[in-house]
Structure formats: structure tokens, C-alpha cells
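Structure assessment
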Amino acid sequence: MISIATKQANKSCYRYKVGAIIVKGGRLLATGYNVVGKTNPNHQTFPESVHAEEAAILSRIKTKDGLASLQGATIYVSRVTSKGSPGLAKPCINCERLIRAVGIKKVVYTTNDGQTEVYKL
């Protein structure tokens, strides 16, 4: 699953390439990657970034079963450095709060040495 998150990270055009996927019961629920300068429907550009974890959660919340489907899910987060190697992708404190708030119970993320770390919420 972390390889799918890495593919998402490579879609980012930002220097910090981070991707995230949400999985429950072996089923891929949502994907996301970080973006900067997201344009809203009024065609205004903002310098703020949207983190990969936020993007994945927001894309799932917009679906029919939305928020309820995230209860007990796992989020996988991967970072690709500018040199193409794995990087530390532990969610920031704000993303961790959001992950907890929507009921995701497990976080798997890449480390600088190419391994993965897991923690349960």
C-alpha cells in the first residue's frame, strides 16, 4: 500500500512530494497529494498548502458514504525527496488531529531510511 502512496507523492509538483491513501478492509477509499497555491472555484490562487492527508480525507468526505466510511480506516503516507529517495512522512500535528477527528485508527508512514513506521490512534 505504501507504494501506492508513493505514486501519489510523485504527482505533486511541490518540492516536498507527499502522497497519502486511505484504506479500509483492503479497499482503497481515497488518495491525495500535497499541493500549493490551490485555486478555488472563484479562480483565486492562495499561497497556502493542502497536505496530502487533508486532500485524501477531503476527497472521501465528498462521497456518498463520506465520513462514516473513514471510521477504523488506515492512512498510508509517503514522501519522496528531491533526490527521489524516501523521506520522513510522519503527519504534522494538524494532520494528526484531523486524522483522529475523522476516525482513522492507524497511520503508516515512510521514514528517511526507506522503512515504514506504524502507530495506532
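Look up: the structure comes first, before these words.
Right, let's walk through the structure included here.

Analysis parameters
Residues numbered from 1 in each chain as written. Predicted model: local features only at pLDDT ≥ 70, side-chain atom pairs only at ≥ 80, totals over all residues. Heavy atoms only, no water. Helix = DSSP H or I, 4+ residues; strand = E, 2+ residues; numbered from the N terminus. Rg over C-alpha atoms; globule rule 2.2 N^0.38 Å. Buried < 20%, exposed > 50% of the residue type's maximum accessible area, 1.4 Å probe, protein only. Contact = heavy atoms within 4.5 Å. Areas by Shrake-Rupley, 256 points an atom, 1.4 Å probe, with all protein chains shown as cover. Patch = residues over 30% accessible without salt bridge, like charges linked within 9 Å, V, L, I, M, F, W, Y side chains within 5 Å. Salt bridge = Lys/Arg side-chain N within 4 Å of Asp/Glu carboxyl O. Core = buried A, V, L, I, M, F, W, Y, C linked by side-chain atoms within 4.5 Å. Polar contact = N/O pair within 3.5 Å; in protein donor to acceptor, adjacent residues only side chain to side chain.

In terms of regular secondary structure, the protein chain is built from 4 helices and 8 strands. Relative to the globule expectation of 14 Å for 121 residues, the C-alpha radius of gyration of the protein chain, 14 Å, shows essentially globular dimensions. Once the C-alpha set of the protein chain is aligned to its principal axes, its extents read approximately 40 × 35 × 25 Å. The 121 residues of the protein chain split such that 38% are buried. The contacts in the protein chain between residues at least 6 apart in sequence include a share of 51% that link residues at least 24 apart. When the accessible surface of the protein chain is totalled, it reaches about 7,000 Å², and 52% of it is carbon and sulfur.

On the surface, M1, I4 and L28 cluster together into a nonpolar patch covering about 230 Å² of accessible area. Here L28 shows up in strand β2 (residues 27-33).

Turning our attention to the nonpolar core. Counting residues in each nonpolar core, the largest one holds 19 residues, and the members touching the most others are I22, I57, L70, I75, V77 and I104. The set of elements that each furnish at least two residues to this core consists of β1 (17-24), β2, α2 (52-61), β5 (74-80) and β7 (106-110). Excluding residues within four positions of it along the chain, V77 makes contact with I2, A5, V18, G19, A20, E53, A89, P91, V108, Y109 and T110. Listed in part, the 5 residues of the second largest apolar core include A5, I21, V23 and V108.

Turning next to the pattern of salt bridges. Side chains bearing opposite charge may pair, as long as their charged atoms lie close to each other. Under the counting rule described, the total for this entry stands at 2 salt bridges. Between D65 and R60 there is a salt bridge, with its nearest N and O atoms 2.8 Å apart. Residue classification places D65 among the partly exposed residues on the basis of a relative accessible area of 38%. Among the ionic pairs, E96 bridges to R100, the shortest N-O distance being 3.0 Å. Here R100 and E96 lie together in helix α4 (residues 93-101), a separation of 4 residues that amounts to about one turn. Residue classification places E96 among the buried residues on the basis of a relative accessible area of 16%. The class for R100 is partly exposed, based on a relative accessible area of 45%.

Turning to its location among the elements, D65 is positioned in the loop between α2 and α3 (66-70). Reaching out from D65, the side chain makes a polar contact with the side chain of T63 at a distance of 3.3 Å.

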